[in-house]
Structures are given as C-alpha cells and as structure tokens.
Amino acid sequence: MHLTHSANNLFAEVFLAASATVRRQQQGAEITSSIPLIDCAQYGDPARNSDPNIGIAVANPVGLYMASFDGSGLSLNGNPAGGFFTVVRGQFPLALRAVYQLPPDLAASGLTVSDVKIGGKNIEFGGELAERITMHLIGAASVAQTVHNTPAPCGPIQQGCRAGRPSGAVGMDRSPRVPQTQPPGAEEPLLDIDDIQGNILAGFNKDYQQLVALKLGDLAAARNWLRRILPGINTLAEVGHFNAAFRMRRARLGRDPIGLIETWANIAFSHAGIAALTSEQEADGVPDEAFKEGLPARAGVLGDAPPPGKSDPTAGWVMGGSGNVPDILLIVASDDLDELAKAVARLRPAGTDGPGAPQIIWQEKGQTRTDLPGHEHFGFKDGLSQPGVRGRVSASASGFLTPRLLAASPLPDMEFAAPGQPLVWPGEFVFGYPFGDQSTGAPVTPPPLNPPWLKNGSLLVFRRLRQDVAGFNQFLRATAAQLTQAPDFAGMTADRLGALIVGRWPSGAPIMRAPTADNPVLGQCPLANNDFLYAVDTPPPELKPQQPPASLSFPTASEDADGFICPHAAHIRKVNPRDQDSDKGTKFDTLTRRILRRGIPYGAPAANPLVDDGVDRGLHFLCYQTSIIEQFELLQTDWANNFNNPKPGGLDLIIGQTPGQPRSFELDTASGGSTTLSAPPLAFVVATGGGYFFAPSISALRFMFDR
Ligand code: N7H
C-alpha cells in the first residue's frame, strides 16, 4: 500500500489549499500579496517541496493518511496476528506506507499471509486487511469565523500530531510564562514502589480485566489463601516498569509491540473484610466515613434511584447491594484473554487453602471494545485525562513517577507534568504522602498514620454502571432535531450535541479545541488532546528540548469562562473544572478532588446504537483516592448531580442523577442564544453494583494474614 497526496480535481485542490494556507504577518501587518508571502514562508528553500502560489507546504502535506489499523480478530495458528501490520513510511496517525507480512521465522516455516484468519476464515483478498485501516484527511475545512487562524510570523511551520499554535504566535491574550520548577524536586517524596499496589498509581491499562468479588468463610483458610497469592499481587514497581517499557517500544515501532504480554493482579477489602481479618477497631482506623458505612448505605446519597416499588436503591443490584457486600475484590488484568483465565484460575481460592476458603460471590469480565478500542459504550474515547501524580520512583534526576515534558507552565502559579496535566501531590491517592493545600497547592505533610498499616494504601471505589446506549442516542437525535428549529442552534446535530454534553468528540478531541466538528488527529494526539484550560486562553505548550517539536495544526483553546464553547455542565467540565473556580474554592482546591480512574467497559458493544437490544453493557468504573467523601462522592453528588456546582449550568447528563426529577442542561452561545434542555429523570447511566474498598500495601497485606 502506498498513499500519496494527489489533489485530483480543482475542487480538491482549492479545498486543500484553503485548508493549508497559513496567514502570515510581518511587523504587525498581514501579508496579502504572493511574493512577500512566499518570501515570508521561506518557500524558496530548495529543501522544501511546496507550491509557492498557494502556499501549501507539502513537506508534511495536507492529504490522506492511515490513522490506525485494527488488528483484532486476526489469528495465525490460534495466535494473535494483528501485529504483522507494519508501518514503513510515516507513523500512525500519519502513516503513508505499510506492509502486512509474516515475520521471517514464520515465513521460513512455509506459512503465508493466506494462512492468517480473520474471524476464523482464511484471508483471501488484500481488501480484507485494507478495510481495517482507518483513513483520514489531514487538514480542516473551516466554517467561517469558527476556526482560530491567527497570522503567524515568518519562517517554517511544522505540522502533525504534536500540539498547538506556533510559539510566538501573536494575538493571544496569554498569561506570563514562568519556567516550570524543575528538578531537583527534592520536595517530592520517594514513593515506596515495592509496597504500593500497581493499579493505583501506574494503572494496569490492559485490554481485558476480570473483577472477582469474594466472601470470607473460615479465617484460617482465608489467611492461607492470602499468603499463597501474595506473590501474585503486583506492585507499582512491576506495573510501572512494564508500562514504561511498553511505551518506549511503541514509540520506536509506531504500533503496539507484539508479544509484550503481562498479566497483573491487585486486591482490596471492604470494611467488613478488614474487620473480620483484623478487628473492628483496626477497620475503623481507615479514615473515611463513607468507606465505613459501605456503598449500599451511600447509594441514596449518590442519587441512585430505587427500582419501582422498592425503597432500597441497591435492590436488584447484580453485586454489592444491601446484604450482599463482598469482603474482598480481586482485580486481574491481562493483555491476553487466555492468560487472564489462567491467572484467575491460579489466584482464586482452592481446596488446598483449607475448608471454608473464601467463596466467589460474583465475577465479571471487562474488555476494551473490539470495534472501537479505548472507547466506552456511548462511543467516546476514554482514559485520556489523568492527574500527573507527583513523587519520585528513584533518586535519579529524572526519576519522577510522571514524566515531566514541559519547559514552562501554562499558568504562572501551577506546575504541569504534560500539556493539560497539572501535578498533584501523591497524598491525594495514597496514604502517607504529602497532599495539597486547598488554597495554595503547597504540599502539606501528612499527620502520623494511625493505624500505621494505612501507609501506601488507597481507597478504591467500584461502580458497575449500566449504560443505556439506545436511550442516550435517541435523546441526542430527538433533542438535536428540536434544537435546529431554534435560530441560535440551527445546524445542531446529534454528534455535536453529544460532544457538548461530554465536552469531547467521540475521537477524544476536546470541544474546547475543536468547537465545531470532530478532529480525529487531535483526538489521537497525546500532547494536544488534553491541552486546554477554561478560565484563560491556553498558550501553546513549551516542551522540553528533547521532546518532539510542537506543531501548529490544532487551534489552541480560547478562554471560555462563560461556557459558550464547552458548557459548564459538560461531563468533563463538571468533574474537573480545571483552572476555573468552583463552589468549593480555586483551582488548587480542584486538585484535591482529582481521582485516578481505572475503568474498563463490560458487555458487548451495541451493533446499532439507536436500537435497544436489551444487552447489559456499561462501565466497570474504578477509581482510587484517599477520601471517598471529598473526591469520588463530591464529584458525583456536589457537582454531577447539582445544577449549580461547580458553576451554574445544569446537571451532568452522563452521570448526574436526581431521582424522579427531570435533569436540565443549559446551552448558551456567545451571540446570546440560550436554552435549557430537559433530559429524562432516569439517567442513561445507572448503578447496578459496586462497593467501597481499601487497597492495602503489600506489607499491610502480610499484617492481615500474619496474625
Ligand atoms: Fe467520566 N463518557 O463516555 O462520557 N468520562 N464517564 N466519570 N470522567 C471522561 O478525559 C464517562 C464517570 C471523570 O480531567 C471522558 O479520559 C461515562 C464517573 C473524570 O477533563 C469520557 C461514564 C466519574 C474525567 C467519560 C463515566 C467520572 C472523566 C473523557 C459512566 C466520577 C476526566 C475522556 C458510564 C464520579 C475529566 C477522558 C478531565 C472523563 C465518560 C463515569 C469522572 C468520554 C460513559 C462515575 C474525573
């Protein structure tokens, strides 16, 4: 396969040229005539292949590229065969040339591509592979007045997936740039990477994940079991190193590495579980009332609606409802489905642990969508925005848990790890480390822990959230059709309304940077897709010298204090108002509300998102924090369920719920348009199970069974 840019008719040429032409400015005046424009753009440079008349730089042209290849379901002799697809020119999402061929050892054994199976059937035509390639056109057709097109100064401009506008672009109201406080970073604590469980700070990030809920029986047998599986509970050191190696390989290969497969397990206990294994008093030492009460007692506070004719919101839950609270939650995750099954079989209680070993009361597999990897069931890319956790994993100068990519901070008084990723003190997620002052962000030394075994542990929230995919999409379609009747919202589509409600387009492109249409290249660009603030214009990122250069392809986010671009009630704005004040305080307070999300979809994707097929599908929502009340519950109750907070503007229509009452959502435009949507009281996302747990350190686990 070989793709090149060919503007094969006049319309296409004009379209591409218009999309690619860069406005230039010199000494404050826009350049409009051709020769000065050519000089300014340095198109005379023989090393540049460009069209001087219209100003397209075709060194990295506007054109058709391969964005991704879906290798799921390809197998050779029962082994995954998606990885034989190799990009040989460019790289995703800007790949131009690729081959699908067997590695030399397999080819030498006489196997050919026709031995590869797709969905159990041998490949017959190249087209069967081609249809798994997602193509995209780089270059945006702009709707007049909607796309930032600030004139750039003279000189070459780079394009591609890296980040925002040219540094030094004029016409931006930007805050003064301050050098990012850099290492030594001596004030950042050394994290006990061999004692903290791996899913908390590193995240398993696997395609398959099984949750196993257990009830204790005989305590001696339970302790035998825990002692047996302890070596299989993975640490931050193990998971973090694997993730780093995976990232490095992927960066070099331009695709997911083949054969780099790992299987991880972590464990957490409910209050009753800890009380049984230690004592009621020890369990009460976990400093969180919500954890102590347990999820069934808190479901009403969270806004979970009881089923008709019942008063208990957890009646009918598939697990974790009143009277059915597990003592233990085991999380097992793998890159490979067979390995996952083997690990679960190894880790589950067995007869050899003794009579009365813990019983499995519920288990369920989650898995990334095969049709849209990384997307949740409503169709949106998930897992993009996580806080940058401070702390060191080694004493070396670059030994930070979260890589520091920025040379300068976009905000004068706040430090960031990467574009859009502010740094947060680890005490917000793991006990025993400094946490942030809610007014200044300065680190606060934690008080001595009592009981001391809390150290290196974390609180885990699990919510089994069923998603009504058809209900959500029908609502979008019907509401968008009504809105188009109103002059201020003419042209509204279901897709755009969905993006306004989530705050991102399905590709993950934030509406703050792609106000009118999805931009899949932006959505897939890690340095750009989370780079936006709400209260001020977001300056282009200033990356450290060793980072790839920032590009100009995507418009930066403009200040949106009024919620005209991204509504105040959009899901991602509700649960993280970023630099904007909230009812609780300033942006420094918001840093103390962050959570580490580790969710994964469960259930088969909907074949037709508008049709209710009765399939139970949704999200195994998991998150870690050190205060369930001040973090997860605050996001759900004080923000998502509340019209006025963090800023007035409506309920979060993704997760917000107020049983029995319609849920309203405000849409306002800069031109004065305003309307309030009314969504049905029954949320599109409904809890059907879950629990509050404590994920102890490796050493605390020993304390639980060595008694
Ligand atoms: Fe949300 N969705 O598909 O709409 N979420 N969420 N979430 N969520 C996020 O940034 C979704 C839920 C957060 O920093 C994205 O990773 C769905 C709960 C937070 O900008 C998408 C469900 C809670 C963020 C979704 C669900 C949160 C976030 C954008 C349930 C906490 C980061 C992708 C079925 C109470 C916000 C991304 C930021 C992002 C969706 C649940 C919180 C697409 C479908 C219960 C903090």
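That block above? That's the structure.
Read on for an overview of the structure. All values derive from a computational prediction rather than experimental measurement.

1. A closer look at the side chain of Ser334
Inference 1: Tracing the chain through its elements places Ser334 in strand E16 (residues 328-334).
Inference 2: We classify Ser334 as buried; its relative accessible area is 0%.
Inference 3: Polar contacts involving the side chain of Ser334 include one to the main-chain carbonyl oxygen of Glu262, which spans 3.4 Å.
Inference 4: Here Asp336 takes part through its backbone nitrogen, which lies 3.0 Å from a polar atom of the side chain of Ser334.
Inference 5: Ignoring any residue separated from it by four or fewer positions in sequence, one finds Ser334 in contact with Lys206, Asp207, Tyr208, Glu262, Thr263, Glu339 and Leu340.

2. Re the coordination of the iron atom of the ligand
Inference 1: For the iron atom of the ligand, the sole protein-derived donor is His571 (NE2), lying 2.1 Å away.
Inference 2: Looking at the secondary structure, you find His571 in helix H16 (residues 571-575).

3. Observations regarding helix H6 (residues 219-229)
Inference 1: Residues Ala221, Ala222, Arg223, Trp225, Leu226 and Ile229 constitute the buried set of H6.
Inference 2: Among the structural elements, strand E14 (208-215), strand E15 (263-269), helix H8 (271-277), E16, helix H12 (337-347) and helix H19 (698-705) are those in contact with the buried residues of H6.
Inference 3: Sitting at the amino-terminal end of H6 is Asp218, which places a side-chain oxygen 3.3 Å from the backbone nitrogen of Ala220.

4. Some details on the sheet that holds strand E6 (residues 74-76)
Inference 1: Within the open sheet, the four strands sit side by side as E7-E6-E10-E11. Their pairing is antiparallel. Looking along the sheet, the strands with just one partner apiece sit at the ends: strand E7 (79-80) and strand E11 (121-122).
Inference 2: Looking at chain direction, E6 and E7 are connected through two bridges and run antiparallel. Across the sheet, residue Ser75 finds its bridge partner in E7, namely Pro80.

5. A closer look at the site of the ligand
Inference 1: Lining the immediate environment of the ligand, one finds 26 residues, of which Leu384, Ser385, His571, Arg578 and Arg597 sit closest.
Inference 2: His571 has a polar side-chain atom sitting 2.9 Å from a nitrogen atom of the ligand.
Inference 3: Take Arg578: an N or O atom from its side chain is 2.8 Å from an oxygen atom of the ligand.
Inference 4: Elements that contribute at least two residues to the shell around the ligand include exactly strand E24 (458-467), H16, strand E28 (618-625) and helix H18 (629-640).
Inference 5: Class assignment for the residues of the shell around the ligand results in 14 nonpolar, five polar and seven charged.

6. Examining the packing of aromatic side chains
Inference 1: For the structure on display, the rule yields 14 aromatic pairs.
Inference 2: Each ring, one from Phe431 and one from Phe694, has its centre 6.2 Å from the other, and the planes form 40 degrees; the classification is tilted. With Phe431 in the loop between strand E21 (421-424) and strand E22 (435-436) and Phe694 in strand E31 (residues 685-695), the pair connects residues that are 263 residues apart, well separated along the chain.
Inference 3: Seen from their ring centres, Phe472 and Phe684 are 5.5 Å apart, and the 70 degrees between their planes marks the pair as edge-to-face. Here Phe472, found in helix H13 (residues 469-483), pairs with Phe684, found in the loop between strand E30 (674-679) and E31; they are 212 residues apart in sequence, far enough to count as distant. The residues Phe472 and Phe684 share a single accessibility class, namely buried.
Inference 4: Through successive ring pairs, a cluster of aromatic residues spans Phe378, Phe472, Phe475 and Phe684.
Inference 5: The positively charged end of Arg578 is found above the aromatic ring belonging to Phe532, 3.8 Å away from the centroid.
Inference 6: For Arg663, the ring lying beneath its charged end belongs to Phe684, and the centroid distance is 5.3 Å.

7. Considerations on the pairing of E14
Inference 1: Burial runs high along E14: seven of the eight residues are buried.
Inference 2: Pairing between E14 and strand E17 (residues 359-367): eight bridges, direction antiparallel. In the sheet register, Tyr208 faces E17, and the bridge partner there is Gln367.

8. A look at the environment of Asn473
Inference 1: Tracing the backbone shows Asn473 in helix H13.
Inference 2: Under the relative-accessibility criterion, Asn473 is labelled buried at 15%.
Inference 3: Not counting residues within four places of it along the chain, the set of residues in contact with Asn473 comprises Pro609 and Leu610.

The rules behind the values
Residues numbered from 1 in each chain as written. Predicted model: local features only at pLDDT ≥ 70, side-chain atom pairs only at ≥ 80, totals over all residues. Heavy atoms only, no water. Helix = DSSP H or I, 4+ residues; strand = E, 2+ residues; numbered from the N terminus. Buried < 20%, exposed > 50% of the residue type's maximum accessible area, 1.4 Å probe, protein only. Polar contact = N/O pair within 3.5 Å; in protein donor to acceptor, adjacent residues only side chain to side chain. Contact = heavy atoms within 4.5 Å. Donors = N, O, S within 2.8 Å, 3.2 Å for Na, K, Ca; no water. Pairing = 2+ DSSP bridges. Near = heavy atom within 4 Å. Nonpolar A, V, L, I, M, F, W, Y, C, P; charged D, E, K, R; others polar. Phe/Tyr/Trp six-rings, centres within 6.5 Å; stacked < 30°, edge-to-face > 60°. Lys NZ or Arg CZ within 6 Å of the ring centre and 35° of its normal.

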